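# Coordinate analysis (summary)
Take a look at the letters that make up each chain.
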Amino acid sequence: MPQGKRLWQEAKKYLAGGVDSPVRSFRYVGGEPLLIKKGRGSSVWDYAGKRYIDYVLSWGALILGHAHPLIVAAVRKASKDGMGFGATHRSEIDLAQAIHQAIPFIEKIRFVNSGTEAVMGALRLARGVTRREKILKFEGGYHGCADYLLARAGSGLATLSIPVSAGVPKDFIKQTLVAPSRDLNVVEDIFKKEGSNIAAVIIEPVGGNYGVISPDREFLKGLRQITKRFGALLVFDEVITGFRFHYGSIAELMAITPDLICLGKIIGGGLPVGAYGGPDKIMKYLAPEGNVYQASTFSGNPVVMATGLATLNVLEASASRYKMMDVLAQRLALGLRREAERRGVDLEVAQFKSMFSLKLKDKKSFGSFYRGMLERGVFLAPSEYEANFLSFAHRQVDINKTVKATSNAFGGYYANRKY
């Protein structure tokens, strides 16, 4: 039995569902999931030694690609001094300072261990500041797996066709309002009815968990105006987008200032991390200064902080790479669309800068296409609802190979299908 298949059998025996996150199960695309042994640059290898061009990149965290030498060196150096202290230390302060310098709006920051924790902390803070209870989110927006945010979320829930997770009491989500679309008239109507009870509105300025949704600056500006008028906080969930499009936040690119920003992924350099931050007048409500409590044993872990700081240092020194990454993503999206058109395939390619997502006519077609790409050495996100990413490590040769693989995958699976 091949090693990968044997490991998958062991995974199913000891891990719930064989995975530690549902989308990794490949349930949406069918068949057995890809088990990865190692990664270098823009590629990963499975346990049979097969190489894949990687567009998952630890779900967007690895903007520098796999095993960047400076990041590996930072991990080794930091770990020699200790794996954790449960106390404040220099690299924690340095990373906070670097983020502040890149995003001056973030005067104070609180580090946590994941994007989910960042959102939970930010929304608890918003409730504490406003003394209100309700949160407004948007249908298809995924903000982590906190109970009260799993109502009509995107990402893994949409992938598995789960509207609301089992195990979440109705009372937990009754304070969560869900707008069915990004429509200011709808938002206005909700605030007219519930405005005095809404603590915060949370949104991904660039949608990344229901396919890639490009930012709508006018909508975001309108949202900023409505929240200010009704005294609610505006929270930008930039767990995916922070430092992905430039050295800073998408909020800056949109010239819109939210009340709080949630970060994650990239600021940890591939290690588990999350953070939320904003002006001191809001952040001072957090304990120990204020009475909004949030704590964690592993927050500000020295190895994570050092790795995140090393990542930001590379990003700051390589600003021109952002533009090249965007150009490669545009070329890839164009190449995918052309091959789909040439083959008569109804493929929707959504792309914003270095993020893209793919949707086909039906789930079965996507599964066939996905398997065809995997066989040809291309590792894409195993769901139409998840985003794909480019990194600084991707090169034109990766784009060329991916487009060629797409052509062959379409030819093999769709030549005789009608659309």
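### Here we look at the sheet that holds strand S10 (residues 274-278)
Strand order across the open sheet formed by 7 strands is S4-S10-S9-S8-S7-S5-S6, with mixed pairing between neighbours. Of all strands in the sheet, those bounded by a partner on one side alone are strand S4 (108-112) and strand S6 (176-179). Averaged over all pairs of adjacent strands, the angle between their axes in this sheet comes to 20 degrees, without regard to strand direction. Contacting strand S5 (134-138), S6 and strand S7 (198-203), helix H8 (residues 184-194) runs over the sheet at an angle of about 170 degrees to S5.

### Quick word on unusual backbone geometry
Residues Ala287 and Pro288 are joined by a peptide bond in cis, for which omega reads 20 degrees. Within the secondary structure layout, Pro288 lies in the loop between helix H11 (280-283) and helix H12 (302-317). Its identity is not glycine, yet Trp59 carries a phi of approximately 55 degrees, on the positive side. Inspection of the secondary structure puts Trp59 in helix H2 (residues 57-60).

### Let's talk about the nonpolar core
If you look at the biggest cluster of nonpolar residues, it comprises 98 residues, and the most contacted ones within it are Phe243 and Leu315. Considering each element in turn, this core owes the most residues, 8 residues, to helix H13 (residues 319-343). If sequence neighbours within four positions are ignored, Phe243 has contacts with Ile63, Ile99, Ala102, Ile103, Gly248, Ile266, Ile267, Leu312, Leu315 and Tyr322.

### What about the sheet that holds strand S14 (residues 388-389)?
Read across the sheet, 3 strands follow the order S11-S12-S14 without closing on themselves; strand pairing throughout is antiparallel. Edge positions in the sheet fall to strand S11 (348-352) and S14, since each of these pairs with one other strand and no more. Taken together, the 2 bridges between strand S12 (residues 355-359) and S14 define a ladder with antiparallel strand orientation. Its bridge partner being in S14, Met355 is matched across the sheet by Phe389. Lying on the sheet, H13 is in contact with S11 and S12; it crosses S11 at an angle near 170 degrees.

### Description of the pattern of salt bridges
The final tally for this structure, using the stated rule, is 9 salt bridges. Lys353 is the partner of Asp326 in a salt bridge, and the nearest nitrogen-oxygen pair spans 3.6 Å. Pair noted here: Asp326 is in helix H13 and Lys353 is in the loop between S11 and S12, with a separation of 27 residues, a long-range link. A relative accessible area of 27% means that Lys353 is categorised as partly exposed.

### Quick notes on the environment of Ser43
Here Ser43 shows up in strand S2 (residues 43-46). As for Ser43 and Gly377, which are separated by 334 residues in sequence, their C-alpha atoms are 9.4 Å apart. If near-sequence neighbours (up to four positions away) are discounted, Ser43 is found in contact with Arg51, Tyr52, Ile53, Asp54 and His66. Separated by 3.0 Å, the side chains of Ser43 and Arg51 make a polar contact.

### Brief notes about the side chain of Ser249
If you trace the backbone, Ser249 turns up in the loop between strand S8 (233-237) and helix H10 (250-254). Every residue in contact with Ser249, bar those within four places of it in the chain, is listed here: Ile103, Glu238 and Ile261.

### Observations regarding the packing of aromatic side chains
Evaluated as defined, the whole model comprises 13 aromatic pairs. With a centroid separation of 5.9 Å and an interplanar angle of 65 degrees, the aromatic rings of Tyr28 and Phe366 are classed as edge-to-face. Residue Tyr28 is found in the loop between helix H1 (3-14) and strand S1 (36-40), and its partner Phe366 is found in helix H14 (residues 363-375); the two are separated by 338 residues along the sequence. As far as burial versus exposure is concerned, Tyr28 and Phe366 are alike and both buried. Ring plane angle 20 degrees and centroid distance 5.1 Å describe the contact between Phe369 and Phe410, whose orientation is recorded as stacked. Of this pair, Phe369 sits in helix H14 while Phe410 is found in helix H15 (residues 396-414), placing the two residues 41 residues apart along the sequence. With respect to burial, Phe369 and Phe410 carry one shared label: buried. Counting every residue linked through ring pairs, the aromatic cluster contains Phe26, Tyr28, Tyr210, Phe366, Phe369, Tyr370, Tyr385 and Phe410. The ring of Trp45 carries Lys38 above its face, with NZ or CZ at 5.2 Å from the centroid. Above the face of the Phe352 ring, Lys353 is positioned so that its terminal group lies 6.0 Å from the ring centre.

### Remarks on the pairing of S2
By the alternation rule, side chains of S2 split into Ser43 and Trp45 and Val44 and Asp46, which are all buried. Where S1 meets S2, 4 bridges bridge the pair, whose relative direction is antiparallel. Its bridge partner being in S2, Ile36 is matched across the sheet by Asp46. Connecting S2 to the antiparallel partner strand S3 (residues 51-54) that follows it, the hairpin turn spans 4 residues, and Gly49 within it adopts a positive phi of roughly 90 degrees.

What counts and how
- Residues numbered from 1 in each chain as written.
- Predicted model: local features only at pLDDT ≥ 70, side-chain atom pairs only at ≥ 80, totals over all residues.
- Heavy atoms only, no water.
- Pairing = 2+ DSSP bridges.
- Helix = DSSP H or I, 4+ residues; strand = E, 2+ residues; numbered from the N terminus.
- Axes fitted to C-alpha atoms, helices over the stretch in contact; angles between N-to-C directions.
- Contact = heavy atoms within 4.5 Å.
- Core = buried A, V, L, I, M, F, W, Y, C linked by side-chain atoms within 4.5 Å.
- Buried < 20%, exposed > 50% of the residue type's maximum accessible area, 1.4 Å probe, protein only.
- Salt bridge = Lys/Arg side-chain N within 4 Å of Asp/Glu carboxyl O.
- Polar contact = N/O pair within 3.5 Å; in protein donor to acceptor, adjacent residues only side chain to side chain.
- Phe/Tyr/Trp six-rings, centres within 6.5 Å; stacked < 30°, edge-to-face > 60°.
- Lys NZ or Arg CZ within 6 Å of the ring centre and 35° of its normal.

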